[in-house]
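Chain residues, written in single-letter form:
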Amino acid sequence: MKKASKNKTITASVIAVIVLLISAIFTFSPKHLWKKIIGSTDPGTVAVSQVQGSEAANQPLSVHYIDVGQGDSTLIRFENYNILIDCAKKAEAQNVYDYLEQLEVDHLDLAIATHPDADHIGGFAELINRVKPDLYLLPQLPDSIKKTQTELTLLNTLRTMKVKTEYAVNAKEYHFGDLILTTYITEQIHEDKNDYSIVTHIRYKNASYLFMGDAGKKVENELMSAGCPLQADVLKAGHHGSSKSTSMKFVKYVLARYCVFSCGLDNEYGHPHSEVLQIMKKQKINCYRTDESGTVVIGTNGNQYSISTEKSAA
Ligand SMILES: [Zn+2]
């Protein structure tokens, strides 16, 4: 009996010391180390909930560049409005569903499918079954560009679910309270599907963001020549940072302070390309990459920005 109780005391003391050690690590470690400790214990939910509870996410307007590997999905939250641009490839879309669920997003005022590539629309069919958007915007492509199976399945889901669907129109404005969203789209004929990408600009007070989809340099030139007001503090670079998009001329035109690249770690295309990173460096634009930082949230009160990332970049 005596021996057993002595053993119990020893066990209790050992546990107490371990608890003390763990709390000491959490209390005295620098913030980045603390983040890394959390990250290594549970890389998914814990870090994501931190980013979702961050100062950036709690601003009146917050833009969430969700980490979906090689693909795109961006959530715009403003007051009670929720707008989703793209929904990742099917295999990565669970990240989007989970992200929306954790934020308790139960309705979408607008869903924008920039263009019908699988890394942008793959997750939409399932999403629409979960959260029906009030309006679904898509680009109108010429008949010469064949529809993929993913696209046909999605169009079928939109019909079955009776989702209001519209083709994007160049320079059309949508108002969500004090937030103004404008869509831009090429009015020329292209061979590349990417060049039909819906380009989205949002403005709230003095803050502005631009989302390029996978639009290439031809489209950038077309929109610049037409004098489209694309100036924005935050640029989501076209085509995951490919050098087919984002010319120096375009970057100087947009005048962004921040740039976000949505791309997968060690992706087979080498996105973002070094040419584009060089341009950003020359123009002293702060860059964020989902492959390095995980989900990136850039929030604003209409004048100032706050930024939060899921992981600290290496
Ligand atoms: Zn893409």
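Rules behind the numbers
- Residues numbered from 1 in each chain as written.
- Predicted model: local features only at pLDDT ≥ 70, side-chain atom pairs only at ≥ 80, totals over all residues.
- Helix = DSSP H or I, 4+ residues; strand = E, 2+ residues; numbered from the N terminus.
- Buried ≥ 20, exposed ≤ 12 C-beta atoms within 10 Å, placed from the backbone.
- Pairing = 2+ DSSP bridges.
- Axes fitted to C-alpha atoms, helices over the stretch in contact; angles between N-to-C directions.

Caption draft 1: Representation of the environment of Gln140 in the model. Looking at where Gln140 falls in the secondary structure, it is placed in the loop between strand 5 (136-138) and helix 7 (149-160). We classify Gln140 as exposed; it has 10 C-beta atoms within 10 Å. Sequence separation between Gln140 and Tyr167 is 27 residues; the distance between their C-alpha atoms is 5.7 Å.

Caption draft 2: Region of interest: the pairing of strand 15 (residues 305-309). Note: strand 14 (residues 296-300) against strand 15, five bridges, orientation antiparallel. Of the residues in strand 15, the one forming a bridge with Val296 is Thr309. In this antiparallel pair of consecutive strands, strand 14 and strand 15, the connection spans four residues, and Gly302 shows a positive phi of 105°.

Caption draft 3: How the structure looks around unusual backbone geometry. Cis geometry marks the peptide bond from His271 to Pro272; its omega dihedral reads -5°. Considering the arrangement of structural elements, one finds Pro272 in the loop between strand 12 (258-261) and helix 10 (274-282). Notably, Asp86 is not glycine yet its phi reads approximately 70°, a positive angle. Structurally, the position occupied by Asp86 is in the loop between strand 3 (81-85) and helix 4 (93-102). Non-glycine residue Leu255 carries a positive phi angle of around 60°. With respect to the helices and strands, the residue Leu255 is situated in the loop between helix 9 (248-254) and strand 12. Overall, the presence of 14 C-beta atoms within 10 Å leaves Leu255 in the partly exposed class.

Caption draft 4: Structural view of the sheet that holds strand 6 (residues 165-167). Strand order in this open sheet of eight strands is 6-5-4-3-2-1-14-15, and the pairing throughout is mixed. Bordering the open sheet on either side are strand 6 and strand 15, each of which pairs with just one other strand. Strand-to-strand twist of the sheet, defined as the mean angle between neighbouring strand axes without regard to direction, takes the value 15°.

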